[in-house]
Amino acid sequence: MCASLPGVSRFLHGPFPACESPSVPVFRVSCRASCVFSPRGHIIARGVISPPLLSSCSDPAGPRRATRRRLGGLSRPGVSRTRSLAARRSSLFPARPGVPDSPLGKRSLREYEVRAQRFRFSEEPGLGAAGAVLEVTVPQVLHLQYGMYVWPCAVVLAQYLWFHRRSLLGKAVLEIGAGVSLPGIIAAKCGAEVILSDSSELPYCLEICRQSCEMNNLPQVRAIGLTWGHVSQNLLALPPQDIILASDVFFEPEDFEDILTTVYFLMQKNPKVQLWSTYQVRSADWSLEALLYKWDMKCVHIPLESFDADKEDIAESALPGRHTVEMLVISFAKDSL
């Protein structure tokens, strides 16, 4: 049996192509594989794949300087990625007296105060006709985890989906790192066939995904565990997707390559798939340029004014406020072949 998976550790001896780095990500998988191939088709490991030990690739060529400027707030080469999401985020769960603190979901999310927030998306009325309106409600739980409340980036991405709602009907859409799932809920309301996902190590986030579906009467939308950088049964079972949604997932630099390797895996199922992503600019010291080049991806920056998102109060909310948010469309660099 031969598994063709991107990015695993090169423990074999022998020469490597000059265009590839000997430091590439390792996937954790639940099945055995007799050989594994790199994105460029070279056998780089045999036998059982090892647990993750990730590091970025720095390519000195730097062919996309404009992208580096626009992607301020993204990835720096050479960052060690040995910590799991659960190890980083489990400390964010406040312990209750007499109740053991468990990041694995032994306590119910309903033990915390869940607040509903309404978002109302609308278009300008035309001549003699009222504009379309869409209202959704999502749950929020403050002070628990990153994915338990609405971030500024989520509203901007939801606005992009609303603006392009006529192109979503019947499209297969996967939201990764969904959490509250505002973008995925909007896509589903606009007729897309949506699957929500968040880390299988963060059951609270998966539970709030399901609560968002319940609040908006979307029983057909599934929420699945999908941990970035891990090849799981859920990932393998996913059908080809048309659009991948990612709202502010480029937050922890050590996660960047995990995210792109998962996206790359999905691109193998459909080379035409696009990653629609928003991120909040927090630092000019990070860039995705090297990782996009490494994984044969390209990026297009979408001006906020092109989809009516260049304002502080989208969907009758106080978001995104004065935060600097960027909209990106990332696709396979060879999608035109």
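Reading the values: rules and limits
- Residues numbered from 1 in each chain as written.
- Predicted model: local features only at pLDDT ≥ 70, side-chain atom pairs only at ≥ 80, totals over all residues.
- Heavy atoms only, no water.
- Helix = DSSP H or I, 4+ residues; strand = E, 2+ residues; numbered from the N terminus.
- Buried < 20%, exposed > 50% of the residue type's maximum accessible area, 1.4 Å probe, protein only.
- Contact = heavy atoms within 4.5 Å.
- Areas by Shrake-Rupley, 256 points an atom, 1.4 Å probe, with all protein chains shown as cover.
- 1 Å grid on protein atoms, 1.4 Å probe; cavity = no way out; pocket = protein on both sides within 12 Å on 5 of 7 lines; lining within 4 Å.
- Points joined across faces, edges and corners; volume = space filled by probe spheres on them.
- Polar contact = N/O pair within 3.5 Å; in protein donor to acceptor, adjacent residues only side chain to side chain.
- Expected span 1.5 Å × (residues − 1).
- Salt bridge = Lys/Arg side-chain N within 4 Å of Asp/Glu carboxyl O.
- Right-handed = clockwise from strand over helix to strand, strands pointing away.
- Pairing = 2+ DSSP bridges.
- Phe/Tyr/Trp six-rings, centres within 6.5 Å; stacked < 30°, edge-to-face > 60°.
- Lys NZ or Arg CZ within 6 Å of the ring centre and 35° of its normal.
- Axes fitted to C-alpha atoms, helices over the stretch in contact; angles between N-to-C directions.

A. Main features of the overall build of the protein. Each helix and strand counted, the protein has eight helices and 13 strands in total. Burial statistics for the protein: of 337 residues in total, 55% are counted as buried. A separation threshold of at least 6 residues defines the contact pool for the protein, and within that pool the share at least 24 residues apart is 74%. Approximately 15200 Å² of the protein is accessible, and the part contributed by carbon and sulfur atoms is 53%.

B. View of the layout of surface pockets. Taken as a whole, the largest pocket encloses approximately 300 Å³ of empty space. As for the largest pocket, its lining consists of 16 residues, and the residues nearest its centre are Ser122, Glu123, Gln159, Asp308 and Lys311. Elements with a contribution of two residues or more to the lining of the largest pocket: strand E4 (115–122) and helix H3 (152–163).

C. Molecular detail of the side chain of Glu326. Looking at the element boundaries, Glu326 is found in strand E13 (residues 325–332). Of note is the side chain of Glu326, whose polar atom sits 2.3 Å from the side chain of His301.

D. Molecular detail of helix H5 (residues 203–215). End to end, H5 covers 18 Å across 13 residues, agreeing with the expected 18 Å (1.5 Å per residue, within 8%). Turning to H5, its buried residues number three or more, namely Tyr204, Cys205, Leu206, Glu207, Ile208, Cys209, Gln211, Ser212 and Cys213. Buried residues along H5 sit against strand E5 (133–140), helix H4 (182–189), strand E7 (193–198) and strand E8 (222–225).

E. Spotlight on the pattern of salt bridges. Summed over all chains, the structure comprises 10 salt bridges. Residues Arg115 and Glu113 are paired through a salt bridge, measuring 3.2 Å at the closest nitrogen-oxygen approach. Across the pair Arg165 and Glu123 runs a salt bridge whose closest N-O atoms are separated by 2.5 Å. You can see Arg165 sitting in the loop between H3 and strand E6 (172–176) and its partner Glu123 sitting in the loop between E4 and E5, a full 42 residues away along the chain. Here the salt bridges share partners, and the residues they tie into one network are Arg118, Arg120, Glu135 and Glu316.

F. Here's a closer look at the pairing of strand E11 (residues 274–280). The element E11 is largely enclosed, with a buried count of six among its seven residues. In the classification by handedness, the crossover that spans strand E10 (residues 243–247), the intervening helix H7 (residues 256–269) and the parallel E11 is right-handed. Judged from the seven bridges that link them, E11 and E13 form a sheet pairing that is antiparallel. What sits directly across from Leu275, in E13, is Ile330.

G. Focus on the packing of aromatic side chains. Scanning the model with the defined rule gives seven aromatic pairs in all. Taking the centre distance of 5.7 Å and the plane angle of 15° together, the rings of Tyr149 and Trp151 count as stacked. An angle of 85° between the planes, with centres 4.9 Å apart, marks the rings of Tyr160 and Phe307 as edge-to-face. Separated by 147 residues along the polypeptide, Tyr160 in helix H3 and Phe307 in the loop between strand E12 (297–302) and E13 bring together distant segments of the chain. As far as burial versus exposure is concerned, Tyr160 and Phe307 are alike and both buried. Taken together, the ring pairs in this structure connect Tyr149, Trp151 and Phe251 into an aromatic cluster. We note Arg165 situated over the ring of Trp162; from NZ or CZ to the ring centre the distance is 3.9 Å.

H. Region of the structure containing the sheet that holds E11. Pairing in this open sheet of seven strands is mixed, and the strands run E8-E7-E6-E10-E11-E13-E12 from one edge to the other. Single-partner strands in this sheet number two, and they are E8 and E12. The mean angle between the axes of side-by-side strands here comes to 25°, regardless of whether they run parallel or antiparallel. H3 contacts E10, E11, E12 and E13 of the sheet and is inclined by roughly 140° relative to E11. Sheet strands in contact with H5 are E7 and E8, and its direction is about 175° off that of E8.

I. The arrangement of the environment of Leu292 in detail. In this fold, Leu292 is placed in helix H8 (residues 289–294). Leu292 sits in the buried class, given a relative accessible area of 0%. Sequence separation between Leu292 and Ser331 is 39 residues, and the spatial gap between their C-alpha atoms is 9.5 Å.

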